[in-house]
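Structural features, examined
Here are the chains, one letter per residue:
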Amino acid sequence: MVPENLRELLPEFASDRTFLSALVVCSGASLVALRWLKQRNIRKKTEEAKKRGELGLREMERAVQRFKKENSLAQPNNILSLSMVDLAGKLQDGSLSPESVLYTYMGKALEVNKEVNCLTDFLQECESQVRELKSKAERGPLYGIPFSIKQSIPCKGYDSCCGLLNQGVLDQEDNVTVQVLKKQGAIPFVKTNIAQTLICYDCSNPIHGQTLNPLNHKKTPGGSSGGEGALISGGGSIIGLGTDMGGSVRCPSSFCGICALRPTAYRLSILGMRDPVDGQTGAPTVIGPMARDVDSLVLCMRALLCEDMFRLDPTVPPIPFNEEVFSRSTPLRIGYYDTTRHFPSTPSMRRVVHETKKILEEAGHTLIPFTLPHLDWSPMELFTTLFFADGGSAFLEKFKGNFVDPHLQEAVNACKMPFFIKKTMATLLKPWSPRIASSLNAMCESRSVKDLWAHQKIREDYCQAFISEWKRQNLDVLLGPMLGPAFNIGFPGKLLAAACITAQYNILNFPAGVVPVGTVTQDDERRLKDYKEYNNDKFDRLMKKAVEGGVGLPLSVQCVALPWQEELCLRFMKEVETLTAAKKRR
């Protein structure tokens, strides 16, 4: 309350400039103080959230030490060198115990984490779960297999906050896919780091920090499932679950040299999942497995597509794993392309597509050039328009009471920019940098329900055009480039448009897998210097800087099938993997 005598004096001083200046200074100081207090509060909560994860990892370390003391004959190297199929066989016949496997992988996961910072939580229930397994009469196909889980996938009693402060709100139950894993004998044991809000294909957030690529610490592991990619590539997990909304299991798998499958949406349950924007269905989030080899993905999908999945989530179509389709050996009709119109492939990406085409032809398959249907919009622009259909307001709400990760700052700034400024800048930039102009346009196109419906119709038309061309050429599957090699840290946030290479199949909702097929050569690095491609704009220059210094890093291809044909996609992936391995042996 202002004292009565002071209120009486205010009109007298209303024309006094010194007095008014003092009021402005005091008001400004108050705002600065309030902002400082707010940031201090956020910083305190961020540190508390980080410490909760660190406490769990310390408990994990103590559990490993206890097991080592009680089991001096355990041989971790013998366990870690096994493929998942071989490991599953030894667990089933009893030649390995679930305890020895679990604690061996716990120990290795801690080692990898110290190098690359990929873990966020220790799922302590795994210790009691592994003891309970022995009391069960039946052994599921994943009996005793330790699983890692992306941080955003709900696990009862833990936080799936997507790199945002969740104020202690813990998940009340496991996601259905996690429940089915447990029923099939798998043991989820850790959660892994992610990109804040899942909307960037780097792996960093203010709570858990930056995850590094285990193959080169100057590189990102990709994202948003980057913690999974880094942990599996580093040997700390044999298989894990990630999520994919625009390439989030495929990018980290490509960058880290492992395999992954993005299934058709709703083939696996996503009940309880948290999205960066709740309710958007333009590019639905899917759960997908990530592993060292294709056989592991097959074993996982075979186990998950069961009656438990269909019963626990009736929205999942009751389609069991089709063994007949996966086991066929007849030659395939394979379409292929080596670049996209809106974001051209680098020389190394194109090279491995053509090398893979050659070995497939030598094996008796028919390879047919495939022309991607023309679309005035890039797939990433359409993805962005559907995702930011409200101009980005729902996305911005996620950051209230949170720090923004530096890798997301450009996207956040673009969302905050007033509509008319974005439109004006897009118009001015179009002649010199059409891709930047289209990105700005995409963030302000849908401002009404009518606009949203119009863009959904564009997506439907594109999907039908793609399928029509597929049918015209009578294709079984499609071979395409995959983003790579691993980017230098900090570049994914500046090159979100490059994700059109993967986001295309989220827009289409086709199953798509990633298989490593080669590595970057010195010749690739030399040819990268001449990479100009689209129109030598900012994105082209950034792309060169993003992938430079990649000699020896893995390169992958994408293997694609039509919706609900995961088994055919996996069969194609297995063929590529087998032929690539044979070529290396030669």
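So, a few notes on the structure that sits alongside this text. Being a predicted model, the structure only gives us computed values, none of them experimental.

Comments concerning the overall build of the chain
Secondary structure summary: the chain contains 23 helices and 13 strands in total. The C-alpha radius of gyration computed for the chain amounts to 26 Å, which stays within 12% of the reference 25 Å derived for 586 residues, consistent with globular compactness. Its C-alpha atoms give the chain principal-axis dimensions of roughly 95 × 60 × 50 Å. Across the 586 residues of the chain, 57% fall into the buried class. The contacts in the chain between residues at least 6 apart in sequence include a share of 80% that link residues at least 24 apart. Of the roughly 25,000 Å² of accessible surface on the chain, 54% is carried by carbon and sulfur atoms. Here the chain carries 72 positive and 64 negative side-chain charges, and the mean point of each set is 3 Å from the other.

Quick notes on the packing of aromatic side chains
Under the criterion given, the structure shown has 16 aromatic pairs. Put simply, the rings of Phe 370, Tyr 462, Phe 466, Trp 470, Tyr 505 and Phe 510 touch in pairs and so form one group of aromatic residues. Its guanidinium or amino end placed over the ring of Phe 491, Lys 494 lies 5.1 Å from that ring's centre, counting from NZ or CZ.

Here we look at unusual backbone geometry
Cis peptide bonds are those with omega within 30 degrees of zero, and the linkage from Gly 223 to Ser 224 qualifies with 5°. A positive phi angle, near 60°, is found at Cys 162, a position not held by glycine. Position of Cys 162 relative to the elements: it lies in the loop between strand S2 (146-150) and helix H7 (176-183). On the accessibility criterion, Cys 162 (5% relative accessible area) is buried.

A look at helix H18 (residues 434-442)
Within H18, seven of the nine residues are buried, leaving the element largely enclosed by the surrounding structure. Of all the residues in H18, the buried ones are Arg 435, Ile 436, Ala 437, Ser 438, Leu 440, Asn 441 and Ala 442. Contacts from the buried residues of H18 go to helix H14 (379-387), helix H17 (419-429) and helix H22 (538-547).

Topic: the pattern of salt bridges
In total, this model carries 24 salt bridges according to the counting rule given. Put simply, Glu 111 and Lys 108 hold a salt bridge, and the shortest N to O gap is 3.7 Å. Remark: Lys 108 and Glu 111 occur in helix H5 (residues 98-116); sequence separation between them is three residues, near one turn of the helix. For Glu 111, a relative accessible area of 47% translates into the label partly exposed. The class of Lys 108 is partly exposed, set by a relative accessible area of 23%. Between Asp 174 and Lys 182 there is a salt bridge, with its nearest N and O atoms 2.8 Å apart. On the accessibility criterion, Asp 174 (12% relative accessible area) is buried. Classification of Lys 182 by relative accessible area gives partly exposed; the value is 28%. Connected through salt bridges with shared partners, the residues Arg 351, Glu 355, Asp 523, Asp 524, Arg 526, Arg 527 and Lys 583 form a single ionic network.

Re the sheet that holds strand S10 (residues 366-369)
The eleven strands lie next to each other as S1-S3-S2-S6-S8-S7-S12-S13-S11-S9-S10, forming an open sheet whose pairing is mixed. With partners counted over all chains shown, the strands left at the sheet margins are strand S1 (119-122) and S10, one partner each. With direction set aside, neighbouring strand axes in the sheet form an average angle of 30°.

Quick word on the nonpolar core
Counting residues in each nonpolar core, the largest one holds 96 residues, and the members touching the most others are Met 60, Leu 87, Met 106, Ile 145 and Leu 570. Grouped together as the second largest cluster of nonpolar side chains are 51 residues, Phe 399, Leu 483, Cys 500 and Ile 507 included.

Focus on helix H6 (residues 125-133)
For H6, the full list of buried residues reads Cys 126, Glu 127, Gln 129, Val 130 and Leu 133. Along H6, the residues classed as buried sweep out an arc of 165° about the axis, all on the same side.

Topic: the pairing of strand S3 (residues 187-192)
Extensive coverage of S3 is indicated by the burial of six of its six residues. Sheet topology note: the S1/S3 ladder contains three bridges and is antiparallel. Residue pairing across strands places Leu 119 opposite Thr 192, the latter belonging to S3. Note: S2 against S3, five bridges, orientation parallel. Residue pairing for S3: Pro 146 is matched across the bridge by Ile 187.

Concerning the state of the cysteines
Under the counting rule described, the total for this entry stands at zero disulfides. Of the cysteine sulfurs around Cys 203, a residue in no disulfide, the closest is that of Cys 118, at 8.6 Å. The class of Cys 203 is buried, set by a relative accessible area of 0%. The cysteine Cys 300 is free of any disulfide, with Cys 306 supplying the nearest cysteine sulfur at 11 Å. In this structure Cys 300 comes out as buried when scored by relative accessible area, which is 0%.

Structural notes on the side chain of Glu 228
Checked against the element boundaries, Glu 228 lands in helix H8 (residues 226-233). For the buried Glu 228, which has no salt bridge, the nearest side chain bearing the opposite charge is Lys 150, at an N-O separation of 9.2 Å. Polar contacts involving the side chain of Glu 228 include one to the side chain of Thr 192, which spans 2.7 Å.

Digging into the environment of Ser 269
Structurally, Ser 269 can be placed in the loop between strand S7 (259-262) and strand S8 (286-291). You can call Ser 269 buried: its relative accessible area is 0%. In the structure, Ser 269 is positioned 93 residues away from Val 176 in sequence and 5.9 Å away in space, judged by C-alpha atoms. With near-sequence residues (within four places) excluded, Ser 269 lies in contact with Asn 175, Val 176, Thr 177, Ile 287, Met 309, Asp 313 and Val 316. Engagement of the side chain of Ser 269 in a polar contact is seen with the backbone nitrogen of Leu 271, the distance being 3.2 Å.

Quick notes on the rules
- Residues numbered from 1 in each chain as written.
- Predicted model: local features only at pLDDT ≥ 70, side-chain atom pairs only at ≥ 80, totals over all residues.
- Heavy atoms only, no water.
- Helix = DSSP H or I, 4+ residues; strand = E, 2+ residues; numbered from the N terminus.
- Rg over C-alpha atoms; globule rule 2.2 N^0.38 Å.
- Buried < 20%, exposed > 50% of the residue type's maximum accessible area, 1.4 Å probe, protein only.
- Contact = heavy atoms within 4.5 Å.
- Areas by Shrake-Rupley, 256 points an atom, 1.4 Å probe, with all protein chains shown as cover.
- Lys, Arg positive; Asp, Glu negative; His and termini not counted.
- Charge placed at Lys NZ, Arg CZ, Asp CG, Glu CD.
- Phe/Tyr/Trp six-rings, centres within 6.5 Å; stacked < 30°, edge-to-face > 60°.
- Lys NZ or Arg CZ within 6 Å of the ring centre and 35° of its normal.
- Salt bridge = Lys/Arg side-chain N within 4 Å of Asp/Glu carboxyl O.
- Pairing = 2+ DSSP bridges.
- Axes fitted to C-alpha atoms, helices over the stretch in contact; angles between N-to-C directions.
- Core = buried A, V, L, I, M, F, W, Y, C linked by side-chain atoms within 4.5 Å.
- Arc of directions from axis to C-beta.
- Disulfide = S-S within 2.5 Å.
- Polar contact = N/O pair within 3.5 Å; in protein donor to acceptor, adjacent residues only side chain to side chain.

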